[in-house]
Amino acid sequence: MAKIKIGGIMQTTGLAKVGVMSIPDQPGIAGKIMSAMGERGINVQFIVQLIDIHDCSHVVFCIAEDELERAQDILEGLRQDVGGEQVIQRPNVAIISIFGPDFRERPGIASEMFSALGGKGVNILAISTSISSLSCIIDSSQVEAAEQALQEAFDEPGSGA
């Protein structure tokens, strides 16, 4: 079977995953959290938000690892304001992404990526997608294995596959 063509693989290291967990679901929560980060000059590079079966919201995102302590302080104060149960943090994470111009029309890209990573023992901590990219948060120690898995699974420009 032919490999799926992609535009390339990207990685971003030096990150930390943070989040405000178990917030009673209500409009404006993500906006409050992102405003607090932006107003204090903390750039957010990855965001995922979901509502669980108990109607609680969980907002998880990545920031530069050197901003972790400052973000933790901001989020602890905000957690009480929005009614969240816990602020989580995990340093030493990375984002590994694949991108391509026709992802919207190509079924199976996500399954191929996730299976390739799993096949190399790379644990996915969070997933975010767009029209033209798939991104996963992984432990920084697994970046090399993740990149190798994706290079083996997909046809990148110039790879000759």
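The following refers to the structure shown. (Residues numbered from 1 in each chain as written. Predicted model: local features only at pLDDT ≥ 70, side-chain atom pairs only at ≥ 80, totals over all residues. Heavy atoms only, no water.)

**Describing the environment of alanine 149**
Tracing the backbone through its elements, the reader meets alanine 149 in helix α4 (residues 143–153). Once the C-alpha coordinates of alanine 149 and isoleucine 33 are considered, the two residues, 116 residues apart in sequence, prove to be 34 Å apart. Apart from the residues lying within four places of it in its own chain, the contact partners of alanine 149 are Ala116, Leu117 and Lys120. (Helix = DSSP H or I, 4+ residues; strand = E, 2+ residues; numbered from the N terminus. Contact = heavy atoms within 4.5 Å.)

**As for α4**
Listed as buried for α4 are Val143, Ala146, Ala149, Leu150 and Ala153. Each buried residue of α4 lies within a common arc of 125° when the element is viewed along its axis, so the set occupies one face. Buried positions along α4 lie against β1 (4–5), β2 (8–24), β5 (86–99), α3 (109–119), β7 (133–139) and β8 (154–155). (Buried < 20%, exposed > 50% of the residue type's maximum accessible area, 1.4 Å probe, protein only. Arc of directions from axis to C-beta.)

**Description of the sheet that holds strand β3 (residues 46–51)**
Taking strand neighbours across the sheet as the criterion, the six strands line up as β3-β4-β2-β5-β7-β6 in an open arrangement whose pairing is antiparallel. The open sheet has two free edges, formed respectively by β3 and β6 (126–129), since each of these has just one partner strand. With strand direction ignored, the average angle separating the axes of adjacent strands in the sheet is 30°. Two strands pair when backbone bridges link them, and β5 and β7 are joined in this way by seven bridges, in the antiparallel orientation. (Pairing = 2+ DSSP bridges. Axes fitted to C-alpha atoms, helices over the stretch in contact; angles between N-to-C directions.)

**A look at the pattern of salt bridges**
By the definition in use, this model includes five salt bridges. The salt bridge involving aspartate 155 is made with lysine 5; its shortest N-O contact spans 3.2 Å. Taken together, the residues aspartate 155 in strand β8 and lysine 5 in strand β1 connect sequence positions 150 residues apart. Judged by its relative accessible area of 10%, aspartate 155 falls in the buried class. Relative accessible area serves as the criterion here: at 56%, lysine 5 is assigned to the exposed category. Two residues, glutamate 152 and lysine 120, come together in a salt bridge whose shortest N-O distance is 3.3 Å. In this pair, glutamate 152 is assigned in helix α4 and lysine 120 in the loop between α3 and β6, connecting sequence segments 32 residues apart. (Salt bridge = Lys/Arg side-chain N within 4 Å of Asp/Glu carboxyl O.)

**Overview of unusual backbone geometry**
Trans peptide bonds make up most of the peptide bonds, and negative phi angles are found at most residues other than glycine. Positive phi outside glycine occurs at aspartate 55, with the angle close to 60°. A relative accessible area of 53% means that aspartate 55 is categorised as exposed. One non-glycine residue, asparagine 92, lies in the positive phi region at around 60°. With respect to the helices and strands, the residue asparagine 92 is situated in strand β5.

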